[in-house]
Amino acid sequence: MSVLLLILAAGTVSAHGASLSSGSREPIRVPTWLFLSTGGAAVGASFLLASFVTDRQFIRQLHQWGFPIHAENSHVAVTAGRVLGLVGYVTVLVIGFIGPSTPQTNAAILLVWVGWWAGLAMTSYLVGNTWQTLNPLSTIALVLPSLNRRYPDSYGAWPSVIGLLALIWIEVISPLAADPQLLATAVVAYSVVTLFGVVIFGRDTWFDKADPVERVFRYYGRVAPIGKTGRKIKFRLFGMDLSVPRLVDDFDEVAFIIALLWGTTFDGFVTTPGWRTLTEPLVAGGFPPQVLYPVALLAGFGLFFGIYLIAVELSRRTAETYLQSRMVAVQFAPPLLAIAAGYHFAHYLGYFLELAPALWLALLSPFSDPGTVPVYQPPSWFGGVGIAAVVIGHLVAIWVAHAAAYDLFPSRIQAIRSQYPFIAVMVFYTMTSLWVITRPEVALPYI
C-alpha cells in the first residue's frame with residue numbers, strides 16, 4: 001500500500017538518462033517533505049512487520065527455497081557467450097574509432113551505455129549474472145601467460161573500490177557519452193590495465209579481487225532470482241542469496257558495496273538543481289570548479305561509509321553483544337545491494353527504453369549516420385516505476401537484514417534490536433534516493 005501511495009503521489013518523473021537522453025526528470029507534484037516522509041515511513045513500517053516474523057526455521061526455509069534449473073549444453077552456451085562478448089568488444093573499438101561522430105547514432109556509444117551499463121546491468125539483478133561469461137577481457141585472459149605473483153592480502157578489495165570510484169568520476173566529468181573516439185580510447189586503457197594485472201597476478205585472482213566491473217556484476221547477480229549454487233543453476237526468490245553463503249568478508253568489501261550504492265546516487269545528484277545551488281557560492285568564492293566533482297564524490301562516499309560504520313557500532317550497543325565490529329559490518333552489508341539494484345533500475349530503465357530503438361538501428365547499420373534516430377517516449381505515469389523500484393529495493397534489503405540478524409545473534413531480542421541503527425541508515429538512503437530521482441534534471445555545471 002505504501003508503494004502504491006508513492007507511485008500515485010509521484011506525478012510525472014523519469015529516470016536519469018545521461019547526456020544521450022532527450023528526456024528529463026520533472027519535479028513531483030506534492031510537497032517534498034510529505035513525499036520523502038512517506039518513503040521513509042514505508043521502510044520503517046516494513047521493518048515493524050518483519051519484526052513479527054521470529055521463526056528461524058521459516059526464515060531459513062524461505063531463503064533456501066528454490067529449485068534447480070537444468071541447463072543443457074552449458075559448454076556450448078559458454079562458448080557462444082564468450083564469442084558474443086568478443087564481438088561486442090571489437091564493435092566498440094572499431095565503431096568508436098571510425099564510426100559516426102554523432103553519439104546518438106554511434107553504435108559504440110549506444111552499446112556501452114545503453115546496451116551494457118544500463119541493459120545488461122539490469123539483467124544481472126533481474127535475471128542473473130552473465131557478465132562472467134560475456135566479459136571479453138576475461139576471455140582474452142584465457143590465452144595470456146601469467147607470472148602468478150602473490151596478490152598482497154593487504155590489498156584486498158581496495159583496488160576495486162578505488163577503480164569503481166575512478167570510473168564513476170570519469171563517467172560523470174568526461175564526455176565519454178558524447179565522444180566515440182574518447183570512449184574507445186578509454187576502453188583500450190582499461191583493457192591494458194586489466195590484462196597487465198592478469199599477467200602479474202593471474203586471471204582468477206585479478207577478476208576475483210581487483211577488477212571493479214567484474215565485482216559490480218557479481219554482486220548484482222546475487223540479487224537475481226537465478227544463480228549458481230555449487231555447480232548447479234538454481235532459481236530462488238529475489239535477494240535471498242545475499243547472505244547465504246557469505247558474500248563479503250571484511251571492511252574492504254563492505255566499502256565496495258557502499259561505493260556502488262553511492263556511485264549511482266552521485267551520478268543523479270550532480271544533475272539536480274540542488275547541486276548547482278550548493279556549488280555556485282563555492283565557485284563564486286574562488287573554489288576551483290574542476291575540483292568540485294572529485295571532492296564531492298569522495299566526500300559523499302565518506303559520508304555514506306561513515307554513517308554505515310556508525311550504525312555498526314550502534315548496533316553492537318543496542319544488541320548488547322561482544323561480537324567484533326567486522327562481523328556485524330559484513331553481515332549487514334549485502335542487503336544494501338538490493339537498494340543499489342533498485343536505485344540503478346530507477347536511474348536507468350527510462351534511459352534504456354528511450355534509446356533502445358536507436359541502439360538497434362545503429363547495430364543494423366553501424367557505419368552510417370541517419371541524422372535522426374528513433375526514440376521511445378515513456379508515458380506520463382512511467383516515473384512511478386522508478387519510485388516503486390527504489391522502495392521495493394529497500395523492502396527486500398530490510399527482509400534480508402532481518403534474516404542476517406537471526407543468523408548472527410542467538411537471541412531474538414538481540415536480533416531485532418541490532419537492526420534499529422541499520423533501519424535508520426536505510427531510511428536515510430531511501431529518502432536520499434527518492435529525492436534525487438524526483439528532482440528535475442539540469443545540465444552539469446562547470447563542465
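Conventions adopted
Residues numbered from 1 in each chain as written. Predicted model: local features only at pLDDT ≥ 70, side-chain atom pairs only at ≥ 80, totals over all residues. Heavy atoms only, no water. Helix = DSSP H or I, 4+ residues; strand = E, 2+ residues; numbered from the N terminus. Polar contact = N/O pair within 3.5 Å; in protein donor to acceptor, adjacent residues only side chain to side chain. Contact = heavy atoms within 4.5 Å. Pairing = 2+ DSSP bridges. Axes fitted to C-alpha atoms, helices over the stretch in contact; angles between N-to-C directions. Parallel < 35°, antiparallel > 145°, perpendicular 65-115°, else oblique. Left-handed = near helix turned anticlockwise from the far one by under 90°. Expected span 1.5 Å × (residues − 1). Buried < 20%, exposed > 50% of the residue type's maximum accessible area, 1.4 Å probe, protein only. Phe/Tyr/Trp six-rings, centres within 6.5 Å; stacked < 30°, edge-to-face > 60°. Lys NZ or Arg CZ within 6 Å of the ring centre and 35° of its normal. Patch = residues over 30% accessible without salt bridge, like charges linked within 9 Å, V, L, I, M, F, W, Y side chains within 5 Å. Areas by Shrake-Rupley, 256 points an atom, 1.4 Å probe, with all protein chains shown as cover. Salt bridge = Lys/Arg side-chain N within 4 Å of Asp/Glu carboxyl O. Nonpolar A, V, L, I, M, F, W, Y, C, P; charged D, E, K, R; others polar.

Asks: Help me out: how do you make sense of the side chain of Asp241 in this one?
Replies: On the secondary structure map, Asp241 appears in the loop between strand 3 (232–235) and helix 12 (251–269). A polar side-chain atom of Asp241 sits 2.8 Å from a polar atom in the side chain of Arg222. For Asp241, the side chain forms a polar contact with the side chain of Arg236, separated by 3.3 Å. Beyond its immediate sequence surroundings of up to four residues, Asp241 is in contact with Arg222 and Arg236.

Asks: Can you walk me through the pairing of strand 3 in this structure?
Replies: For a regular strand, side chains alternate in direction, first toward one face of the sheet and then toward the other. Here strand 1 (residues 67–69) pairs with strand 3 via three bridges, running antiparallel. Note that in strand 3 the partner of Phe67 across the bridge is Phe235. For strand 2 (residues 226–229) and strand 3, the ladder comprises four bridges, and the chain directions are antiparallel. Bridge pairing links Gly227 to Lys234 in strand 3.

Asks: What is the right way to look at unusual backbone geometry in this model?
Replies: A negative phi angle characterises most non-glycine residues, just as the trans form characterises most peptide bonds. At Asn148, a residue that is not glycine, the phi angle is positive and equals roughly 55°. Phi is positive for Glu320, close to 50°, though the residue is something other than glycine. Structurally, Glu320 is set in the loop between helix 14 (289–319) and helix 15 (325–332).

Asks: What am I meant to see in the sheet that holds strand 2 here?
Replies: In a beta sheet, neighbouring strands are held together by backbone hydrogen bonds and run either parallel or antiparallel to one another. Taken in spatial order, the three strands of this open sheet run 1-3-2, and their pairing is antiparallel. Looking at the sheet topology across the chains shown, the edges are occupied by strand 1 and strand 2. Averaged over all pairs of adjacent strands, the angle between their axes in this sheet comes to 50°, without regard to strand direction.

Asks: Which parts of the structure should I look at to understand the packing of helix 3 (residues 56–64) against helix 17 (residues 383–408)?
Replies: Packed helices, taken two at a time, are described by the angle their axes make and the gap between the axes. In contact at an axis separation of 10 Å, helix 3 and helix 17 are set at 125° when each is read in the N-to-C sense. Between helix 3 and helix 17, the angle is such that the two are oblique. Crossing of helix 3 against helix 17: the hand is left-handed. Counting all contacts with helix 3, which are made through Arg56, Phe58, Ile59, Leu62 and His63, the residues of helix 17 involved are Trp399, Val400, His402, Ala403 and Tyr406.

Asks: What is the right way to read helix 19 (residues 420–437) from this model?
Replies: In an α-helix there are 3.6 residues to a turn, and that puts residues three or four apart on one side. Between its terminal C-alpha atoms helix 19 stretches 26 Å, which fits the 26 Å expected from 18 residues at 1.5 Å a residue. The buried fraction of helix 19 is high, at 13 of 18 residues.

Asks: It is not clear to me how helix 4 (residues 74–98) should be interpreted in this structure. Could you clarify?
Replies: Relative to the 36 Å expected for 25 residues at 1.5 Å per residue, helix 4 spans 36 Å between its end C-alpha atoms, a close match to the ideal helical length. For helix 4, the set of buried residues is Gly81, Gly85, Gly88, Tyr89, Val92, Leu93, Ile95 and Gly96. Buried residues along helix 4 sit in contact with helix 5 (107–126), helix 6 (131–134), helix 7 (136–141) and helix 9 (180–201).

Asks: Honestly, the packing of aromatic side chains in this entry has me stumped. Any pointers?
Replies: Ring pairs (aromatic) are described by centroid distance and by the angle formed between their planes. Applying the stated criterion across every chain yields a total of 23 aromatic pairs. Ring centres of Phe201 and Trp206 lie 6.3 Å apart, and the angle between their planes is 10°; this geometry places the pair in the stacked category. As far as the burial class goes, Phe201 and Trp206 line up, both buried. Aromatic side chains Trp275 and Tyr293 sit 5.3 Å apart centroid to centroid with 50° between the ring planes, which places their arrangement in the tilted category. With Trp275 in helix 13 (residues 273–284) and Tyr293 in helix 14, this pair connects stretches of sequence that are 18 residues apart. One exposure class covers both Trp275 and Tyr293, and it is buried. Following the ring pairs from residue to residue traces out a cluster consisting of Trp262, Phe266, Phe304, Phe428 and Tyr429. Above the face of the Phe256 ring, Arg215 is positioned so that its terminal group lies 5.6 Å from the ring centre.

Asks: Explain a nonpolar patch on the surface to me, please; I cannot follow it from the model alone.
Replies: Residues Val90, Val94, Phe97, Ile98, Val188, Val192 and Phe367 make up a contiguous nonpolar surface patch of roughly 620 Å² in combined accessible area. Those elements giving two or more residues to the nonpolar patch turn out to be helix 4 and helix 9. Looking at the nonpolar patch, the element that brings in the most residues is helix 4, giving four residues. Here Phe367 is to be found in the loop between helix 16 (336–364) and helix 17. A residue is classified by how much of its surface remains accessible, and Phe367, at 54% relative accessible area, is exposed.

Asks: I would appreciate a short explanation of the environment of Val216 in the present structure.
Replies: When you line up the elements, Val216 lands in helix 11 (residues 212–221). Looking at Val216, the relative accessible area reads 1%, which means it is buried. Between the alpha carbons of Val216 and Leu337 there is a distance of 9.8 Å; along the sequence they are 121 residues apart.

Asks: What exactly am I supposed to notice about the packing of helix 4 against helix 9 here?
Replies: Contact geometry of helix 4 with helix 9 gives a least axis separation of 7 Å together with a crossing angle of 140°. As the angle between them shows, helix 4 and helix 9 are arranged oblique. Helix-helix and strand crossings are classified by hand; for helix 4 and helix 9 the assignment is left-handed. Contact residues: Tyr89, Val92, Leu93, Gly96 and Phe97 in helix 4; Pro180, Gln181, Ala184, Thr185, Val187, Val188 and Ser191 in helix 9. Split by residue class, the contact of helix 4 with helix 9 holds eight nonpolar, four polar and no charged.

Asks: Explain the pattern of salt bridges to me, please; I cannot follow it from the model alone.
Replies: As a working rule, side chains carrying opposite charge can pair if their charged atoms are close by. Under the counting rule described, the total for this entry stands at six salt bridges. Note that Asp241 is salt-bridged to Arg236, the shortest N-O span being 3.3 Å. By relative accessible area, which is 11% here, Asp241 ends up buried. Given a relative accessible area of 4%, Arg236 falls into the buried group. A cluster of three or more residues bridged by salt bridges with shared partners is formed by Arg222, Arg236 and Asp241.

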